Each structure stands twice: as structure tokens, then as C-alpha cells.
Amino acid sequence: MIKALRLNAADNVATLLENASKGETVLVISEQNESLGELELLQAIPFGNKVALRPMKPEDQLIKGGVAVGKAIKPVPQGQLAHVQNIRSLNLDIPEVMINEIITQMEIEVD
Amino acid sequence: MQTFRGYQREDGSVGIRNLIMVIAADECAEGIARAISEKTPGTVVVTNYNTCMYGGNEEMIGTMINAATNPNIAGALVINMGCGSITPDLVAGPIRATGRPVETLTCIKESGTVSTIREGLKRIAKIVEHADATPMVNAPISKLLVGIKCGGSDTSSGIASNPSVGLAADKLIDMGASAVAGELLELLGCEHILKERAVTLEVSEKIDQLISDEEKRWHVEGTQVETMSVGNSIGGLTTIEEKSLGALAKTGSKPIQDILRINATKLEKPEAPGMYLSETTMLCGGSAMHFAALGCQVILWTTGGAGFNNPIVPVIRVSGNSQLINEDIDIDATGIMRGEDSLEKVSEQILKTLEGVINGEKTAIEDFGYAYCSLIQKDQRVERLLSIPAE
């Protein structure tokens, strides 16, 4: 089973360690390689990208490595890709044209 | 690793390579500089691509001069066209003051391009002779300054390559060497962590000031300036803070001695051994020239699969991305991502490779291909408009 790494107990996302498809069930693991449970993906998530472990509301912070590194701009259900289509910086955003380019190149499903 | 075998320079520094810099002090001298360099092995061309005028270009010329006094450089040939205000002596003077042999040529005084190339080849032969006679010594590790940079970051950088480089940096500092990182924009959001590591309150305040200055330069309302590459985001990084958090890991955990300024009036260098931050740019080609100017003999560079290389300062490339790693990468940290290797093990591999490289072994792509020696500078007019102080 494909694994997703949760870096810190406070995190609400986990990082995919392989490319995973829509509907696939992944195993969430801790830094110490302990199993934390399974999760079904709502969309395809490539290697290195993040899956929401818990639902997020707009303005909720994205926590990775125990640190707030962004905020949601729309509801992010559990199992969805947490990335440029639904998360923004707390300080300095990527230009909108680049965000669209990233979404196109990654073929992200935007609802 | 208490010593390394290197080239003793007149100013007391010790190089791990024995190169000669051919400087095109203005853009018009570039072709002449290349023609001389192509016929002279062991030379590196550095060009001021911008203009032939000094006013407003002090920072770039400062980086050029300081790069020519890098420990890996034995001497320099400085060439200009002759109709601008950047005279060869302006560049050559401070290089000569370090005891290095320097020759200067002005094309319009040498009756033209072909004659300048002919004369340049004669002059550089004298510098080659001097370089060849440079004594080799066993230098204490305290003479080593290592640049630390990431490029082409993705999620694996923050989990595998950056933390293993950070651990290697900690061990180097314990041995008595020094290291310097930069890319202040990519430390945005990490100020509180860095300030706790500052050795004095003054350094702590300087960290805040310089990171905030850098944010002002990049964050100008209404402009569409890229602060992260599309590749960073496709690799899984969503925000600059997420990239910063990964980038921070490569600086290790040792106290921060200072944050070195690079601007039109100064280029600060480390004064005591330890870990440093600096205003080294996050832009790859220019960053290597900043590291060269700060006096780094070698660079540890974390990436996915990009073969970043610089002709003055050897680059040791580290990747933790199993999808991108290729023949250009010196250190394979992908085992960390698979849960098979530890940071400890990879940090030891980094130190072993570094030990080889500082004792003369070639990196994976040394002598093959290099990034351009870009000379980055801040526009003094923009600095003024953004109310960023020059001091």
C-alpha cells in the first residue's frame, strides 16, 4: 500500500511517498514509521504532495512539521490534495498566473 | 577530518583548486576573455554583462572582485574595452592587494581585439607560471568555508537532503570549519527559530531586518514576480513558508555567528569559525558567485536532479528525490524517503565525499558543464524607493 508521511502529531496533512490515484487507499505513517491508519484519496495526488488528514474550513491553518505554513481559502475535505488550488501563503503568495500554470501542469481537479 | 591539502595563497587562505580568473570588466570584453580562456586550461571567465559604467554597479563589481580573491583563485587577467568608467585597475587593485598576480589590458589601447587576445595570451602565461609554482600545504580545517544552498526544492528536500546537509554542517562546525547559507526570502516565516540561534541580540535584530528587507524586495503589490518556481510547486511545495521550513533544515542547529551583508558598500566575510547566514541570493547562478565572493572553497547543494555547477567553487549535489536523481548527483539521500537510510548515515556520506573533494577529488560533473557566472545585484534606485537602508 502507498504510504503518506505525517511529520508531526500536530499536522493536518501527510506527504505522499509515491504517486497515488483517485480513490486509492493509502497508509498514513509517522516519522518513526508507525502506522496511523488508512485514508481514501478523493483525487489523484502525486509524490511529494500533501493529503488533508482532517477536513479544513476557509482560514484554517495548514500545519506541517508542527508549523503553520499556509491557510485554506476554501473547504478542504479529508482525503483531498492540499495545494495551490485550495491553500495560500500566510505572508507572500505565488502570482495567480503561476498558480494557474501549476494547476494545468499537474492536472489538478479543481471543484 | 582535521586538515585538507590545498594551495597556499599569499593572503593566508588555502584553496582546494588552483584556477585563474579571466575578467571581462565590461560586456564588450567578453569575447576577448573567452578567446583567451579557451586557449588556456585552468581558467574561468567572469563577465560583467551589464554595462561599462561603474556608478550604480558597485555591488556587482564588488562581487566580481571578491570572487577573484576566492582561495581557489591564484591570479587574474582583467580586460576591458576602454570607453567606460570601469577601468581594469579599479577591478585589479583590490585583487593585487591580496598578493595575487594580476595583469590588465584595455582593448582600445592595444590596437584592437586580435592584438588584445594575442597580448592576453602572453600575459596569462605569466600568471599560469605563478599558479603552477603555488606551494601545497596541509591546512587546518578552520581554513575551510562551506557554502550551503538548495535549488530545485521539492518535498524530499525538506525531509531528506536538507536535514542531512544540516547534520553534516553541524559536524563540520564541531570540527572547527565554517559554513554559510543564504536565500533569506526562503527563511521567511522561520525568523523566530533563527533568532533563538543568534549569538548576540545584535545578530538577532540583523536577522529580522535583513529577512524583512528581502521580503520587501520580492513582495511588491501589483507585480507578478515569481518567488518560487513552478517546479517547486509541482514537487509538492504549496507556500513559501513550507519551502522555508524545509530550507531551514539545511542550516543545521549550531549558533548563528552573523548574517553577512552583500551590498553596494560592503561584502562582509566570516571573522570567526562557525555557522553563518548571508545575503547570498536564492537564484542559483548568482548564489554560487556570492559564495565565491564570501570565500567559500566548496558548496553543498541540495536538489532533485538538477546538475547545478560552478567553475570556481566545486558543488557537491545531494538529492533525496528517487524520481529525479541522476548521474549528476554526488550524494544519494533517497533511502531516507524510503525509510531505509538514516540522516546520520547520509550526513557521514556527505562528509566523506566532501573530504575527497577538498583534497582534490572531482565532483560528479566537475570539468563537464557549468552554470553561467551570474553577478546579481540589487538596484540602488529600487532599494531607495522601497525605503531599504543601504547600511
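Residues numbered from 1 in each chain as written. Chains lettered and ligands numbered in written order. Predicted model: local features only at pLDDT ≥ 70, side-chain atom pairs only at ≥ 80, totals over all residues. Heavy atoms only, no water.

### Here we look at the overall build of chain B
From N to C terminus, chain B includes 13 helices and 14 strands. Taken over the C-alpha trace, chain B has a radius of gyration of 21 Å; the compact-globule value for 391 residues is 21 Å, and the two agree within 12%. Sorting the 391 residues of chain B into buried and exposed places 59% on the buried side. On chain B, roughly 14,500 Å² of surface is accessible, and the fraction owed to carbon and sulfur atoms is 53%. Treating the 34 positive side-chain charges of chain B as one cloud and the 50 negative ones as another, the clouds have centres 5 Å apart. (Helix = DSSP H or I, 4+ residues; strand = E, 2+ residues; numbered from the N terminus. Rg over C-alpha atoms; globule rule 2.2 N^0.38 Å. Buried < 20%, exposed > 50% of the residue type's maximum accessible area, 1.4 Å probe, protein only. Areas by Shrake-Rupley, 256 points an atom, 1.4 Å probe, with all protein chains shown as cover. Lys, Arg positive; Asp, Glu negative; His and termini not counted. Charge placed at Lys NZ, Arg CZ, Asp CG, Glu CD.)

### So, the pairing of strand β4 (residues 35-40) of chain A
Residue and element names in this part refer to chain A. Both strand β3 (residues 25-29) and β4 contribute to a ladder of five bridges, which runs antiparallel. Within the sheet, the bridge partner assigned to Ile29 lies in β4 and is Ser35. Between the antiparallel neighbours β3 and β4 lie five residues, among them Asn33 with a positive phi of about 70 degrees. (Pairing = 2+ DSSP bridges.)

### What about the domain arrangement of chain B?
Residue and element names in this part refer to chain B. Along its sequence, chain B is carved into domain 1 (19-133) and domain 2 (141-376 + 380-384). Relative placement of domain 1 and domain 2: their C-alpha centres are 29 Å apart. Taken together, the contact pairs 23 residues of domain 1 with 22 residues of domain 2. For the pairing of domain 1 and domain 2, the buried interface totals around 1,700 Å² over both sides, and the portion due to carbon and sulfur atoms is 58%. Per-residue buried area on domain 1 facing domain 2 is highest for Glu59, Thr63 and Asn66; these three make up 30% of the total on that side. Seen at the junction of domain 1 and domain 2, the total is zero salt bridges. (Domains from an automatic or database assignment. Contact = heavy atoms within 4.5 Å. Buried area = accessible area lost by both parts, 1.4 Å probe. Salt bridge = Lys/Arg side-chain N within 4 Å of Asp/Glu carboxyl O.)

### Some points on the interface of chain A and chain B
Taken together, the contact pairs 32 residues of chain A with 26 residues of chain B. Both faces combined, the contact of chain A with chain B buries some 2,500 Å², and carbon together with sulfur accounts for 66% of it. The largest contributions to the chain A side of the interface with chain B come from Phe47, Asn91 and Leu92 of chain A, which together make up 27% of the buried area. Counting across the interface, chain A meets chain B through two salt bridges. The salt bridge involving Glu242 of chain B is made with Lys64 of chain A; its shortest N-O contact spans 2.8 Å. Scanning the region where chain A abuts chain B turns up 12 residue pairs in polar contact (both at pLDDT 80 or more). Secondary structure elements with two or more residues in the side of chain A that touches chain B: β7 (67-72), β8 (87-88) and α1 (96-106) of chain A. At seven residues, the largest contribution of residues to the side of chain A that touches chain B is made by α1 of chain A. (Polar contact = N/O pair within 3.5 Å; in protein donor to acceptor, adjacent residues only side chain to side chain.)

### Points about the layout of surface pockets
Estimates place the volume of the largest pocket at around 900 Å³. Leu5, Leu7 and Glu31 of chain A together with Gly158 and Ile159 of chain B are the residues nearest the centre of the largest pocket, which is lined by 40 residues in total. Mapped by element, the contributors of at least two residues to the lining of the largest pocket are β1 (3-5) of chain A together with α5 (155-175), α9 (240-248) and α11 (334-337) of chain B. Taken together, the residues of the lining of the largest pocket break down into 18 nonpolar, 13 polar and nine charged. (1 Å grid on protein atoms, 1.4 Å probe; cavity = no way out; pocket = protein on both sides within 12 Å on 5 of 7 lines; lining within 4 Å. Points joined across faces, edges and corners; volume = space filled by probe spheres on them. Nonpolar A, V, L, I, M, F, W, Y, C, P; charged D, E, K, R; others polar.)

### Observations concerning α9 of chain B
With eight of its nine residues buried, α9 of chain B lies for the most part within the structure. Listed as buried for α9 of chain B are Ile240, Glu241, Glu242, Lys243, Ser244, Gly246, Ala247 and Leu248 of chain B.

### Thoughts on the environment of Ile193 of chain B
Positionally, Ile193 of chain B belongs in helix α6 (residues 191-197). What makes Ile193 of chain B partly exposed here is its relative accessible area of 29%.

### Let's talk about the sheet that holds strand β1 (residues 3-8) of chain B
Read across the open sheet, the three strands follow the order β2-β1-β7 (chain B); overall the sheet is antiparallel. Bordering the open sheet on either side are β2 (14-15) and β7 (136-140) of chain B, each of which pairs with just one other strand.

### Topic: the nonpolar core
Residues and elements named next belong to chain B. Core analysis: the largest hydrophobic core is formed by 82 residues, its most contacted members being Leu144, Leu194, Ile207, Val298 and Leu354. Top contributing element to this core by residue count: α5, with seven residues. Ignoring any residue separated from it by four or fewer positions in sequence, one finds Leu194 in contact with Leu187, Ile207, Ile211, Leu248, Ile256 and Leu277. (Core = buried A, V, L, I, M, F, W, Y, C linked by side-chain atoms within 4.5 Å.)

### Considering the packing of helix α2 (residues 58-68) of chain B against helix α10 (residues 284-294) of chain B
Residue and element names in this part refer to chain B. Axis separation between α2 and α10 bottoms out at 7 Å; the angle between their running directions is 60 degrees. Taken together, the axes of α2 and α10 lie oblique to each other. When you trace α2 past α10, the crossing you get is left-handed. Facing α2, whose interface residues are Thr63, Asn66 and Ala67, α10 presents Met289, His290, Ala292 and Ala293. Class assignment of the residues belonging to the contact of α2 with α10 gives a composition of four nonpolar, three polar and no charged. (Axes fitted to C-alpha atoms, helices over the stretch in contact; angles between N-to-C directions. Parallel < 35°, antiparallel > 145°, perpendicular 65-115°, else oblique. Left-handed = near helix turned anticlockwise from the far one by under 90°.)

### Quick look at the state of the cysteines
Residue and element names in this part refer to chain B. For the coordinates displayed, the defined rule picks out zero disulfides over all chains. Cysteine Cys52 is unpaired, with the sulfur of Cys83 as its nearest cysteine sulfur at 5.6 Å. Unpaired in this structure, Cys107 has its nearest cysteine sulfur neighbour in Cys83, at a distance of 9.0 Å. (Disulfide = S-S within 2.5 Å.)

### Re the packing of helix α1 (residues 30-38) of chain B against helix α4 (residues 113-132) of chain B
How two helices sit against one another is set out by the angle between their axes and by the gap between those axes. All names here are of chain B. Running from N to C, α1 and α4 cross one another at 45 degrees; their axes reach a closest spacing of 9 Å. With respect to α4, the axis of α1 lies oblique. Taken as a pair, α1 and α4 cross one another with a handedness that is right-handed. Residue-level contacts link Ile32, Ala35 and Ile36 of α1 to Thr113, Thr116, Ile117, Gly120, Leu121 and Ile124 of α4. When its residues are assigned to classes, the contact of α1 with α4 shows six nonpolar, three polar and no charged.

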